[in-house]
Amino acid sequence: MSTVSLKVEFSGGLELLFNNQRQIKLDLPAQVPSDSQTVVAAGGQADASEGRPADVRYLIHWLKDNRLKERPELFVENGTVRPGILVLINDTDWELEGEEEYVLENGDDIVFISTLHGG
Amino acid sequence: MPPKLCQLCNETRAVLKRPKTGQHICRECFYYVFETEIHNTIMEANLFSPGDRVAIGASGGKDSTVLAYVMKVLNERYNYGLDLHLLSIDEGIRGYRDDSLETVKRNQQQYDMPLKILSYEELYGWSMDRIVEQVGRKNNCTFCGVFRRQALDRGAANIGVDHILTGHNADDIAETVLMNIMRGDIARLGRCTLITTQGEDTIKRSKPFKYVYEKEIVMYAYFKKLDYFSTECIYSPDAYRGHARTFLKDLEASRPSAIIDIIHSGEAFEVRQEVKAKAKAQTTCKRCGYMSSNELCKACSLLEGLERGMGGLAVVRGRCRGLDVAEMKQKDR
Ligand SMILES: [Zn+2]
Ligand SMILES: [Zn+2]
């Protein structure tokens, strides 16, 4: 089964929700179930026959289910990142890249930055 | 999908969608419009005169770090002729402020500006850690807010500066407008949107980022790789403010102009409030000598409450500190 390798970075205080890790590398299945179920997919045995390509929406679910250590409500809301969290895809504002619909490619660099922490 | 080109220069790939305008812009054009808009805000409000000594209230967080960087850039680019300083307050919160002060100390080197740090401990005889031990976590933001405000003024007087710049951005101001509406505090509603205020003292405070969206500040810091510190204050959050912030971010997600629209609503209250603020009689605090509209300034009335809970020793100690501050201020005049 083919996979996509990603680099994911957290900053602006978000890293605190991810065990103080600022950067992680991970491999996601290239095809994922259409309901975004990540628990099975993380084990690599999902039935991909009726899936869709892995996108940022799936990555957010996957991070929440597999890497997030505390207070999930500070990261996700209504199936996407909480308002006030900026996302960059290969150093470009995700709002220019289709946001959650962006289909992940091998080697992509995804950055999540919280703007909600003090100035 | 071909890369989207910048809608300003039509040459380079766009990397950012501006929340204010919806435009897709490239990195260089973003730097240009971000810095130029702040310059325009400064010029329109006539914030400075050549030779002014100005302090940037520096917390080590994103807003004040970007503010220090941009002020340095603009001061050089447009020859403002400003003598810029960094002014930081050490609230005495272990594991939070000590780390962020390290960031400020690096900024001092990076931006080549003199840095002054004042602590609650030296000004008031109480660190926030000790205040929280005493009052618990419920009202500690009240203490911190009052103390910080006065501490910045005193720090400014101490380094001979009569103008403090703070990193409050458009999102912060819109949030404060909402808070004031939710609290029914109409007196503060207009005032909180003013670009410059002059409080109980003679020291001016200005917000050059008044119209700058938080998203752009964070993106600017990210692209420029500015060194800032981001952690929630361990004694925070002020739950009510948290609700206002969440509400605002939800509004912004569905209509980005909501932030500026709310600021404009607040500004509509501005004029009448100015009159009211000036009409208020001023006196000096009988304990510390700081300008106040009551017998005791806000910081001293909080301190008296704290000390009553602590017994006689602390009162004496606090009084001495208060006197020191009064003397210090007089020397600086
Ligand atoms: Zn451009
Ligand atoms: Zn006083």
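Residues numbered from 1 in each chain as written. Chains lettered and ligands numbered in written order. Predicted model: local features only at pLDDT ≥ 70, side-chain atom pairs only at ≥ 80, totals over all residues. Heavy atoms only, no water.

Enquirer: Explain the UniProt feature "binding site: ATP" (unreviewed entry) in chain B to me, and be specific about the residues and the numbers.
Expert: All names here are of chain B. Under the present numbering, the feature "binding site: ATP" (unreviewed entry) in UniProt falls on Gly 57, Ala 58, Ser 59, Asp 63, Ile 89, Gly 167 and Asp 172. Note on placement: Gly 57 falls in strand β3 (residues 53-57). When its relative accessible area of 15% is taken as the criterion, Gly 57 is described as buried. Excluding its chain neighbours within four sequence positions, the residues that come into contact with Gly 57 are Ser 64, Leu 87, Leu 152, Ile 164 and Leu 165. (UniProt positions renumbered as here; feature names shortened; annotations may be inferred. Helix = DSSP H or I, 4+ residues; strand = E, 2+ residues; numbered from the N terminus. Buried < 20%, exposed > 50% of the residue type's maximum accessible area, 1.4 Å probe, protein only. Contact = heavy atoms within 4.5 Å.)

Enquirer: An account of the interface of chain B and chain A is requested, with residue identities and associated values reported.
Expert: Many analyses report the size of an interface as the accessible area lost when the parts associate. Across the boundary between the two partners, chain B contributes 28 residues, which contact 24 residues of chain A. Buried area between chain B and chain A, summed over both chains or domains, comes out near 2200 Å², and the portion from carbon and sulfur atoms is 53%. Broken down residue by residue, the surface that chain B buries against chain A is led by B:Lys215, B:Tyr222 and B:Ser230, which jointly contribute 23%. There are four salt bridges connecting chain B and chain A. A salt bridge links A:Glu95 to B:Lys17, with the nearest nitrogen and oxygen atoms 3.9 Å apart. For the pair chain B and chain A, the interface holds nine residue pairs in polar contact (both at pLDDT 80 or more). (Buried area = accessible area lost by both parts, 1.4 Å probe. Salt bridge = Lys/Arg side-chain N within 4 Å of Asp/Glu carboxyl O. Polar contact = N/O pair within 3.5 Å; in protein donor to acceptor, adjacent residues only side chain to side chain.)

Enquirer: Describe the coordination of the zinc ion (ligand 1), listing the residues and the values that go with them.
Expert: All names here are of chain B. Bound to the zinc ion (ligand 1) are the protein donor atoms Cys 6 (SG), Cys 9 (SG), Cys 26 (SG) and Cys 29 (SG), situated 2.3 to 2.4 Å from the metal. Coordination at the zinc ion (ligand 1) is tetrahedral, judged from the four donor atoms that bind it and the angles of 103 to 114 degrees they form at the metal. For the zinc ion (ligand 1), all donor residues lie on one chain, and their spacing in sequence is C-x2-C-x16-C-x2-C. For Cys 26, a relative accessible area of 3% corresponds to the buried category. (Donors = N, O, S within 2.8 Å, 3.2 Å for Na, K, Ca; no water. Tetrahedral: all angles 85-135°; square planar, octahedral: opposite > 155°, others 65-115°.)

Enquirer: Could you give me a rundown of the nonpolar core, with the residues and numbers involved?
Expert: Nonpolar side chains in soluble globular proteins tend to end up buried together. Counting 47 residues, the largest nonpolar core has B:Phe30, B:Phe34, B:Phe48, B:Ile56, B:Val66 and B:Met71 as its most contacted members. Taken together, the elements giving at least two residues each to this core come down to β7 (85-89) and β9 (108-114) of chain A together with α1 (27-44), β3, α2 (62-77), β4 (83-90), α3 (97-111) and α9 (214-223) of chain B. Both domains that meet at this core, namely domain 1 (1-40) and domain 2 (45-279) of chain B, each give it at least three residues. If we ignore the near neighbours within four places in the chain, the residues touching B:Phe30 are B:Leu16, B:Ile25, B:Glu216, B:Met219, B:Tyr220 and B:Phe223. Of all hydrophobic cores here, the second largest spans 35 residues; its members include B:Ala156, B:Val161, B:Tyr290 and B:Ala299. (Core = buried A, V, L, I, M, F, W, Y, C linked by side-chain atoms within 4.5 Å. Domains from an automatic or database assignment.)

Enquirer: Before we move on, can you summarise unusual backbone geometry with the specific residues and values?
Expert: The phi angle at A:Glu99 is positive, at roughly 50 degrees, despite the residue not being glycine. Relative to the helices and strands, A:Glu99 resides in the loop between β8 (92-93) and β9. A residue is classified by how much of its surface remains accessible, and A:Glu99, at 28% relative accessible area, is partly exposed. Look at B:Asn46: it is not a glycine, yet its phi comes out positive at around 55 degrees.

Enquirer: An account of the packing of α1(B) against α2(B) is requested, with residue identities and associated values reported.
Expert: All names here are of chain B. Two elements in contact, α1 and α2, have axes separated by 11 Å at closest approach and are oriented at 75 degrees. Classified by the interaxial angle, the pair formed by α1 and α2 is roughly perpendicular. Contacts between α1 and α2 involve Phe 34, Glu 35, Ile 38, His 39 and Ile 42 on the former and, on the latter, Val 66, Val 70, Met 71, Val 73, Leu 74 and Arg 77. Split by residue class, the contact of α1 with α2 holds eight nonpolar, one polar and two charged. (Axes fitted to C-alpha atoms, helices over the stretch in contact; angles between N-to-C directions. Parallel < 35°, antiparallel > 145°, perpendicular 65-115°, else oblique. Nonpolar A, V, L, I, M, F, W, Y, C, P; charged D, E, K, R; others polar.)

Enquirer: Lay out the environment of B:Ile260 with the relevant residues and their values.
Expert: Mapped onto the elements of the fold, B:Ile260 is located in helix α11 (residues 258-267). Remark: the alpha-carbon pair of B:Ile260 and B:Gln7, spanning 253 residues in sequence, is separated by 22 Å.

Enquirer: If you had to explain helix α13 (residues 298-308) of chain B to someone new, which residues and values would you point to?
Expert: What sets the pattern is the α-helix's 3.6 residues per turn: residues three or four places apart point alike. Every buried residue of α13(B) is listed here: B:Ala299, B:Cys300, B:Leu303, B:Leu306 and B:Glu307. The arc that holds the buried residues of α13(B), viewed along the axis, is 115 degrees, so those residues lie on one side. (Arc of directions from axis to C-beta.)

Enquirer: So what's going on with the side chain of A:Thr92? Residues and values would help.
Expert: When you line up the elements, A:Thr92 lands in strand β8. A distance of 3.0 Å separates polar atoms of two side chains, one belonging to A:Thr92 and the other to B:Arg13.

Enquirer: Lay out the coordination of the zinc ion (ligand 2) with the relevant residues and their values.
Expert: Residue and element names in this part refer to chain B. Protein coordination at the zinc ion (ligand 2): the donors are Cys 285 (SG), Cys 288 (SG), Cys 297 (SG) and Cys 300 (SG), at 2.3 Å from the metal. Each of the four donor atoms around the zinc ion (ligand 2) contributes to a set of angles spanning 106 to 115 degrees, which defines the coordination as tetrahedral. Mapping the donors of the zinc ion (ligand 2) onto the primary sequence gives the spacing C-x2-C-x8-C-x2-C. With relative accessibility at 2%, the residue Cys 288 sits in the buried group.

Enquirer: Give me the lowdown on the environment of B:Asn107, citing residues and values where you can.
Expert: All names here are of chain B. Tracing the sequence through the fold places Asn 107 in helix α3. By relative accessible area, Asn 107 is classed as buried at 4%. In this structure the C-alpha to C-alpha distance between Asn 107 and Glu 216, which are 109 residues apart in sequence, comes to 20 Å. Asn 107 has contacts with Thr 65, Leu 86, Asp 112 and Asp 227, leaving out every residue within four places of it along the chain.

Enquirer: A description of the pairing of β3(B) should follow, citing residues and the corresponding values.
Expert: Put simply, side chains in a regular strand alternate between the two faces of the sheet. Residues and elements named next belong to chain B. In terms of residue burial, β3 counts as a mostly covered element, since four of its five residues are buried. Pairing of β3 with β4, which is carried by five bridges, proceeds in the parallel orientation. Bridge pairing in β4 places Val 54 opposite Leu 84. Between β3 and its parallel partner β4, the chain crosses via α2, and the hand of that crossover is right-handed. In this structure, β3 lies alongside strand β6 (residues 163-165), joined through two bridges in parallel fashion. What sits directly across from Ile 56, in β6, is Leu 165. (Pairing = 2+ DSSP bridges. Right-handed = clockwise from strand over helix to strand, strands pointing away.)

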